[in-house]
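# Results of the structural survey
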Amino acid sequence: MTTLESEEEKNHRFLSLFTANESSIHAYVRRLVYRREDASDVMQKIAIVLWKKFDQLQSDDDFRKWSFGVARFEVLAWRRDLARERERLVLSTETIELMAEELDRNAEQLDLEKEAILQHCLGKLKKDQRSALQDMYDDESNTPALAQKFGKSITGFYQWIYRIRQRLTECAKQVADAR
């Protein structure tokens, strides 16, 4: 394996992990940073730090927890910088630490709830719809072959997948609202 290939694999691995976890990281930051614009600025810094320190990640399975730790430190740095500017009233470091700890405790429970909702809604789909979604998310998926497998044109296949995803989203919203 050449150095370029391993760097490409590293880039792909990072992007896959970051993209899969970005909304959770953003939600975590948003709970600690009260202004949406500030949260977006902090998220940009977090993405850079995560990329720079990606080699320190022990296991891909730990990415979310690791990224939350990085996010916590970046929020604290943002808060420190903001306090220096004295432009706005900010929460104390202790308060942010307490909030972050509470979010850490609740994050796993939220993941389990999301997974349960997803499994419930996937169970409501027809077998071929579940199979199509699973095949789409397979790393080796080939859209033309999948379209043929399910007896659809490529455009028709994309539209079908879009409608399946919409059903899942609607189901998840209904289940979440009912809880």
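Residues numbered from 1 in each chain as written. Predicted model: local features only at pLDDT ≥ 70, side-chain atom pairs only at ≥ 80, totals over all residues. Heavy atoms only, no water.

Scanning the chain for helices and strands turns up seven helices and zero strands. Across the chain, helices and strands are ordered from the amino to the carboxyl terminus as α-α-α-α-α-α-α. Taking 179 residues into account, the globule formula puts the C-alpha radius of gyration at 16 Å, and the chain, at 20 Å, lies well above it. Based on the C-alpha atoms only, the size of the chain along its principal axes is roughly 60 × 55 × 25 Å. Looking at the chain as a whole, 34% of its 179 residues qualify as buried. (Helix = DSSP H or I, 4+ residues; strand = E, 2+ residues; numbered from the N terminus. Rg over C-alpha atoms; globule rule 2.2 N^0.38 Å. Buried < 20%, exposed > 50% of the residue type's maximum accessible area, 1.4 Å probe, protein only.)

Of all hydrophobic cores here, the largest spans 29 residues; its most connected members are I25, V29, I46, L50 and F63. Where this core is concerned, the elements lending two or more residues are α1 (3-32), α2 (36-52), α3 (63-85) and α4 (93-123). Here this core takes nine residues from α3, the largest share from any one element. Apart from the residues lying within four places of it in its own chain, the contact partners of F63 are F14, L17, F18, N21, I25, L50, F54 and L57. Core analysis: the next-biggest nonpolar cluster, separate from the first, contains 17 residues, L122, F150, W160 and I164 among them. (Core = buried A, V, L, I, M, F, W, Y, C linked by side-chain atoms within 4.5 Å. Contact = heavy atoms within 4.5 Å.)

This part is about the packing of helix α5 (residues 127-136) against helix α7 (residues 154-178). Two numbers describe a pair of packed helices, the interaxial angle and the distance between the axes. For the pair α5 and α7, interaxial distance at closest approach is 10 Å and the crossing angle is 105 degrees. On the basis of their axis angle, the class for α5 and α7 is roughly perpendicular. Contact with α5, carried on its side by D128, Q129, A132, L133 and M136, involves F157, Y158, W160, I161, I164, R165, R167 and L168 of α7 and no other residues of that element. The class makeup of the residues in the contact of α5 with α7 is nine nonpolar, one polar and three charged. (Axes fitted to C-alpha atoms, helices over the stretch in contact; angles between N-to-C directions. Parallel < 35°, antiparallel > 145°, perpendicular 65-115°, else oblique. Nonpolar A, V, L, I, M, F, W, Y, C, P; charged D, E, K, R; others polar.)

We now examine the confidence of the model for the chain. In the predicted model, the chain carries a mean pLDDT of 85, and 92% of its residues have values of at least 70. For the chain, the element scoring lowest by mean pLDDT is α4, at 80; α2 scores highest, at 93. (pLDDT = per-residue confidence, 0-100.)

On to the pattern of salt bridges. Under the criterion given, the structure shown has six salt bridges. Linking D38 and R35 is a salt bridge whose minimum nitrogen-to-oxygen distance equals 3.5 Å. Given the relative accessible area of 32%, R35 is considered partly exposed. Several salt bridges share partner residues, and in doing so they unite R35, E37 and D38 into one network. (Salt bridge = Lys/Arg side-chain N within 4 Å of Asp/Glu carboxyl O.)

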